[in-house]
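Structural description and commentary
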Amino acid sequence: MPLIPMRGTSTRRLATLALALTGVGFFHLLSLPLPFLFGPMTACLLAALAGMPLKGMGAISVLARTILGVAVGASITPEVVGRIPQMMGSVALVPVYVVLIGLVGVPFFRRLGYDPVTSWYAAMPGGLQDMVIFGTEAGGDGRALALIHATRVLVIVTLAPMILTGLYGAGLTGAVGAPARDLPLQELALMALAAVAGWKGAERIGMFGASILGPMIVTAALSLTGLIHTRPPAEAIWAAQLFIGLGIGVQYVGVTLREMRSFILSGLAFVTLLAVMAAAFTEIVTLSGLAHPIEGFLAFAPGGQAEMTVLALVAGADLGFVILHHLTRIVVVIMGAPVAARLLGVKRPQK
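These lines cover the structure that appears in this document, whether it is placed above or below. All figures in this text were calculated on a predicted structure; none of them were measured in a lab.

Another aspect to go through is the nonpolar core. Phe 109, Tyr 121, Met 124, Leu 164, Tyr 252 and Leu 298 are the most contacted members of the largest nonpolar core, which has 103 residues in total. When neighbours within four sequence positions are excluded, Leu 298 is seen to be in contact with Leu 164, Met 308, Leu 311, Ala 312, Ala 315, Ala 317, Val 322 and His 326. Core analysis: the second largest hydrophobic core is formed by 8 residues, Val 70, Met 191, Leu 222 and Ile 228 among them.

Given below as structure tokens:
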């Protein structure tokens, strides 16, 4: 039973937002890292596990992701485009990385008792929503897929900052953006237009990851033509972090003890395997001189594109390098996973 009775979607969303903001304040008070990301994530996760009927922000959360698309697009300058050929060596390793994850992950989930379709899409390191939709439509267990992928994202987002600071000596105090008051009004207006137009335009043509990739493409065009010269303001990046953290936490609303023992523990075990593979590829690109350690780690950390964008921003990493690798991974998974499943005869279980 929920600890606090809440009726109506709007009431639940307001209560969830209030809880997320409380988490931000708590993390600020204790001077904990990334308060706008970890504060809402922690508060909503604990409340969800305690039985509170939280509610995600729906279209507002999607709109918040457009901010990250604009941030990435604004980082695509002529200088970054000129360096793309230099990045191809490490980018070429991404499909190998994805195939290796599948070769390890699918048998892993099959041994845990999951059906072929659920095992296939649980192992794929793609976007949470995409893998749940693909897997469910193919006849897999949607709830299992949602919790396994949510756990993957949660663990990676939680551990990555510790690894960045403890192992690579990175500071997480990078300037995410200038205050809104310091940015030209015309550039703020162009970025807002790019966010909405890019999102809706990409959505209209059925592009995957429309809320990030659409704004990224439009903003990159504005950046390459010299119409904008800066990222979105810090306040906008903080808002994006808040809704991303909130969204991760509310994935666990309604989780049962059986689901915790089965799906979440399976996700935790799989993340351990992913960590080993990510560490290996990070070492490969670092020792071969294809990437600096921080960029190599962030490029091959199998988290969500939005979450990795946030971490790249606060770590002061090469945003273009990191996002190019994650974009390649998502494209390979989304384009390749359904096709490979058909070719390999991965079918829904017989009832």
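Looking now at the packing of helix α6 (residues 93–111) against helix α7 (residues 116–123). The angle between the axes and the distance between the axes are what describe a pair of packed helices. The geometry of α6 relative to α7 is characterised by a closest axis approach of 8 Å and an angle of 140 degrees between their N-to-C directions. The angle between α6 and α7 falls in the class oblique. For α6 against α7, the interelement crossing comes out right-handed. Contacts between α6 and α7 involve Ile 101, Gly 105, Val 106, Phe 109 and Arg 110 from the former and Pro 116, Ser 119, Trp 120, Ala 122 and Ala 123 from the latter.

Another point: a nonpolar patch on the surface. A cluster of nonpolar side chains, namely Phe 26, Leu 29, Leu 30 and Leu 32, defines an oily patch on the protein surface of about 410 Å² accessible area. Mapped onto the fold, Leu 29 is located in helix α1 (residues 9–29).

So, about the side chain of Thr 282. Checked against the element boundaries, Thr 282 lands in helix α13 (residues 257–287). A polar side-chain atom of Thr 282 sits 2.8 Å from the main-chain carbonyl oxygen of Ala 278. Those residues within four positions of Thr 282 in sequence are excluded, and the remaining contacts are Tyr 168, Pro 293, Gly 296, Phe 297 and Phe 300.

Roughly 960 Å³ of internal volume is contained in the largest pocket. Residue lining of the largest pocket: 40 residues in total, with Val 62, Arg 65, Leu 128, Gln 129 and Ser 211 positioned closest to the centre. Looking at the lining of the largest pocket, the elements that each hand over two or more residues are α3 (59–74), α8 (128–137), α9 (142–166), α10 (185–204), α11 (210–224), α12 (234–250) and α15 (305–315). The dominant element in the lining of the largest pocket, judged by the number of residues it contributes, is α12, at 6 residues. For the lining of the largest pocket, the residue count by class is 21 nonpolar, 13 polar and 6 charged.

Inspection of every chain in the model, using the stated rule, returns 11 aromatic pairs. Plain terms: the ring middles of Tyr 97 and Phe 281 are 4.9 Å apart, the flat faces sit at 55 degrees to each other, and that makes the pair tilted. Placement of Tyr 97 in helix α6 and of Phe 281 in helix α13 is noted, with a sequence separation of 184 residues between them. For the pair shown, Tyr 97 and Phe 281 are each scored as buried. Ring centres of Tyr 121 and Phe 134 lie 6.5 Å apart, and the angle between their planes is 75 degrees; this geometry places the pair in the edge-to-face category. Of this pair, Tyr 121 sits in helix α7 while Phe 134 sits in helix α8, and the two are 13 residues apart along the sequence. The buried category is assigned to Tyr 121, whose relative accessible area is 4%. Every member of this aromatic cluster is reached through a ring pair, and the members are Phe 108, Phe 109, Tyr 114, Phe 263 and Phe 270. Across from the ring centre of Trp 199, 4.1 Å away, lies the NZ or CZ of Lys 200, which sits over that ring.

What counts as what
- Residues numbered from 1 in each chain as written.
- Predicted model: local features only at pLDDT ≥ 70, side-chain atom pairs only at ≥ 80, totals over all residues.
- Heavy atoms only, no water.
- Core = buried A, V, L, I, M, F, W, Y, C linked by side-chain atoms within 4.5 Å.
- Buried < 20%, exposed > 50% of the residue type's maximum accessible area, 1.4 Å probe, protein only.
- Contact = heavy atoms within 4.5 Å.
- Axes fitted to C-alpha atoms, helices over the stretch in contact; angles between N-to-C directions.
- Helix = DSSP H or I, 4+ residues; strand = E, 2+ residues; numbered from the N terminus.
- Parallel < 35°, antiparallel > 145°, perpendicular 65-115°, else oblique.
- Left-handed = near helix turned anticlockwise from the far one by under 90°.
- Patch = residues over 30% accessible without salt bridge, like charges linked within 9 Å, V, L, I, M, F, W, Y side chains within 5 Å.
- Areas by Shrake-Rupley, 256 points an atom, 1.4 Å probe, with all protein chains shown as cover.
- Salt bridge = Lys/Arg side-chain N within 4 Å of Asp/Glu carboxyl O.
- Polar contact = N/O pair within 3.5 Å; in protein donor to acceptor, adjacent residues only side chain to side chain.
- 1 Å grid on protein atoms, 1.4 Å probe; cavity = no way out; pocket = protein on both sides within 12 Å on 5 of 7 lines; lining within 4 Å.
- Points joined across faces, edges and corners; volume = space filled by probe spheres on them.
- Nonpolar A, V, L, I, M, F, W, Y, C, P; charged D, E, K, R; others polar.
- Phe/Tyr/Trp six-rings, centres within 6.5 Å; stacked < 30°, edge-to-face > 60°.
- Lys NZ or Arg CZ within 6 Å of the ring centre and 35° of its normal.

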